[in-house]
Amino acid sequence: MKDILTAPFVEDMKKVTANMYRQGWDERNGGNISYMLEEDQVAEYLDLTHVIRTIPTGFDATELIGKIFIVTGTGKYFKNVEGDPETNLGIIRIAADGTTAELLWGYKDGGRFTSELPAHLMSHMVRLRKDPNHRVVMHTHPTNTLAMTHVHELDEKKFTHTIWEMCTECIVVFPDGIGVLPWMVCGNNEIGEATARKMEEYRLVVWGLHGIYGAGRDMDETFGLIETVEKAAQLYMLIAHLPHVNTIRDEELKAVAEAFGLEYRKDFLNL
Ligand code: 13P
Ligand code: ZN
């Protein structure tokens, strides 16, 4: 059996959490990540018949029975993952009842998975139905995106349009746009269900006055989606109060999307 601390998926989690912390997005325990793993991949490092303990999830994830995820721990700080992955991360498998997580590794101090597990697993279910190669759900509190939700209408069309307008390539990175939820209590099934409903249409979901969710096939793609929104939100926060002399027009956004041969939310442009 190989040493789990050398596993590429542990390395991916260490790298991305450290990077996100350095961006200033994940203060204290802010943010959480879940990454679906292949059974064969995990079996190289762990005895899959050895369950350390079971933890109820509080919701039904029948569609994910037997699926294995590496997930950040609740109350754990992204800045500490790199130095102590076994305490700050856990590897869980959804048990045969669909409502219990079997802990296969990690949460060494008796901890448990993120309080946002409902939003993560419900989003995984939806995204996997759309794309069998989907793997990662990421939640974080990017500063400018969050700032923007204080001063911009929380309307999906308007929010996406403003972000697309900020830099030419936004529409190329997320032609499907950005879903937006109003302020809600976090960490429960209700916000999980609302997020997953948005994930039917979007790979990005902004939580008003809280943060953002991204979903993708790997860490780079998922991080890249969020990073691109955050860059555009930063531009918005830099220019919103200044006279706008130049702007990317809707015909130009359409021309970029067409040049890249993309299916995009045409109804989000005013043409
Ligand atoms: P957890 O520490 O439970 O992951 O919560 C952090 C967070 O960002 C809640 O939305
Ligand atoms: Zn949060």
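Residues numbered from 1 in each chain as written. Chains lettered and ligands numbered in written order. Predicted model: local features only at pLDDT ≥ 70, side-chain atom pairs only at ≥ 80, totals over all residues. Heavy atoms only, no water.

> Can you help me understand the packing of helix α7 (residues 156-166) against helix α10 (residues 219-239) in this one?
Two quantities define a packed helix pair, namely the angle between the helix axes and the distance between the axes. Following both chains from N to C, one finds α7 and α10 inclined at 85 degrees, their axes separated by 8 Å at the closest point. As summarised for this structure, α7 and α10 are arranged roughly perpendicular, according to the angle between their axes. On α10, the residues that touch T162, I163 and M166 of α7 are V229, A232, A233, L235, Y236 and I239. Partitioned by chemical class, the residues of the contact of α7 with α10 number 8 nonpolar, 1 polar and no charged. (Axes fitted to C-alpha atoms, helices over the stretch in contact; angles between N-to-C directions. Helix = DSSP H or I, 4+ residues; strand = E, 2+ residues; numbered from the N terminus. Parallel < 35°, antiparallel > 145°, perpendicular 65-115°, else oblique. Contact = heavy atoms within 4.5 Å. Nonpolar A, V, L, I, M, F, W, Y, C, P; charged D, E, K, R; others polar.)

> What should I look at first to understand the site of ligand 1 in this one?
Taken together, the neighbourhood of ligand 1 is formed by N29, G30, G31, N32, T74, G75, T114, S115, E116, H139, H141 and H210. H139 places a side-chain nitrogen or oxygen 3.3 Å from an oxygen atom of ligand 1. Here ligand 1 has 310 Å² of accessible area as a free molecule, and 93% of this is covered by the chains. Broken down by class, the residue content of the shell around ligand 1 amounts to no nonpolar, 11 polar and 1 charged. (Near = heavy atom within 4 Å. Polar contact = N/O pair within 3.5 Å; in protein donor to acceptor, adjacent residues only side chain to side chain. Areas by Shrake-Rupley, 256 points an atom, 1.4 Å probe, with all protein chains shown as cover.)

> Help me understand the packing of aromatic side chains, please; the structure alone is not making it clear to me.
We describe a pair of aromatic rings using the distance from one ring centre to the other and the angle between the two ring planes. Here the structure, examined in full by the defined rule, presents 4 aromatic pairs. The interplanar angle of 50 degrees and the centroid separation of 6.3 Å between the aromatic rings of W164 and F268 together place this pair among those described as tilted. Pair noted here: W164 is in helix α7 and F268 is in the segment after α11 (250-259), with a separation of 104 residues, a long-range link. The class for W164 is buried, based on a relative accessible area of 0%. (Phe/Tyr/Trp six-rings, centres within 6.5 Å; stacked < 30°, edge-to-face > 60°. Buried < 20%, exposed > 50% of the residue type's maximum accessible area, 1.4 Å probe, protein only.)

So yeah, pure geometry; function would need other evidence.
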